[in-house]
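Architecture and fold: a report
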Amino acid sequence: VAADISNEIFYRQYSSSTQKEIAELKHYVYVDNLTGGDTYLLFKSKVRSINRNGSIIAINIHDFKTINTICGTSLGDIVLKRIWMILKDLNKPEDLVARVGADSYVVYTIDDPLEGHIYKQHEFVARLQDLSHELDIPSLIPYIGTAHYNPNDDVEIVYSRACIARNLLKNRPGVIGLTYTNEMGNNAKGMRSLEAAFDDALADNRIELWLQPKFSPRTNTVVGAEALVRWRGKDSIIIPPNKFISLL
């Protein structure tokens, strides 16, 4: 997860400006220019100040670039604002909703049980379908990842956990949402470690070509082979293909 803090730095550099300029800079830093709601920077600050048990929910829309391509960015911006309005309407007034950027949103729900999340997710999907029909655009399909937040947790880390759960949905068609587990985090770390180790394995000739022979049943002789790739770890143990093929 990356956070753009250039706006925050810009505001600090000019903190000695006039009150009017400071107000303008605050608006620039803390108010999303598209939705008129909170920016992600302000969202994080508010979550830290509330500091109660709850959940952080990461949301984005499947292949939203298609909306911009087919319908134009002007209509795309309208859709993004309407999605934000739907999220605000579905959540309690004391909950927090912000647009992180593009078609990514984040929600902080206070003391809301998992059953409440599931209900909201189904309602959210239904409202998005209604919006798709109203504006005559391709179906809006959300990815929704949830991570539990405890007082004094790092907001950025909890949001990244929600993003891990959300991103797993891209390989699970038909699933509305996932809640983060430690196993998901460990798997994600393992995949990143493999990704980082690949260049070294390639340089060390540990990405191996294996040929599985094909025999003719008539002559019982080799007539060809299936080419396979195997990755040998530094400890000489073969890394199973199902761990790295999808990554690479």
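This text gives an overview of the structure that appears in the document. (Residues numbered from 1 in each chain as written. Predicted model: local features only at pLDDT ≥ 70, side-chain atom pairs only at ≥ 80, totals over all residues. Heavy atoms only, no water.)

**Here we look at the pairing of strand S8 (residues 222–232)**
Direction of pairing for strand S7 (residues 207–215) relative to S8: antiparallel, over a ladder of nine bridges. In the sheet register, isoleucine 207 faces S8, and the bridge partner there is tryptophan 231. Between S7 and the antiparallel strand that follows it, S8, lie six residues; asparagine 220 among them carries a positive phi value of about 60°. Here two bridges tie S8 to strand S9 (residues 238–239), and the two strands are oriented antiparallel to one another. Bridge pairing in S9 links tryptophan 231 to isoleucine 239. Connecting S8 to the antiparallel partner S9 that follows it, the hairpin turn spans five residues, and serine 236 within it adopts a positive phi of roughly 75°. (Pairing = 2+ DSSP bridges. Helix = DSSP H or I, 4+ residues; strand = E, 2+ residues; numbered from the N terminus.)

**Looking at the packing of helix H3 (residues 40–50) against helix H7 (residues 155–168)**
The N-to-C vectors of H3 and H7 enclose an angle of 115°; their axes lie 10 Å apart at closest approach. Between H3 and H7, the crossing angle belongs to the class labelled roughly perpendicular. For the pair H3 and H7, the contacting residues are Tyr40, Lys44, Val47 and Arg48 in the first and Val155, Glu156 and Tyr159 in the second. (Axes fitted to C-alpha atoms, helices over the stretch in contact; angles between N-to-C directions. Parallel < 35°, antiparallel > 145°, perpendicular 65-115°, else oblique. Contact = heavy atoms within 4.5 Å.)

**So, the environment of leucine 90**
Mapping leucine 90 onto the fold places it in helix H5 (residues 73–90). For the pair formed by leucine 90 and aspartate 204, sequence separation is 114 residues and the distance between their alpha carbons is 54 Å. The residues contacting leucine 90, other than those within four sequence positions of it, are Lys120, Glu123, Phe124 and Arg127.

**Digging into unusual backbone geometry**
Of note in the backbone geometry, asparagine 51 takes a positive phi value of approximately 50° without being a glycine. For asparagine 220, which is not a glycine, the phi torsion comes out positive at approximately 60°.

**Structural notes on the nonpolar core**
Counting 23 residues, the largest nonpolar core has Phe43, Val47, Ile56, Val106, Tyr108, Tyr149 and Tyr159 as the members making the most contacts within it. The leading source of residues in this core is H7, at six residues. Phe64, Leu87, Val97 and Ile144 belong to the second-largest nonpolar core, a separate cluster that totals 21 residues. (Core = buried A, V, L, I, M, F, W, Y, C linked by side-chain atoms within 4.5 Å. Buried < 20%, exposed > 50% of the residue type's maximum accessible area, 1.4 Å probe, protein only.)

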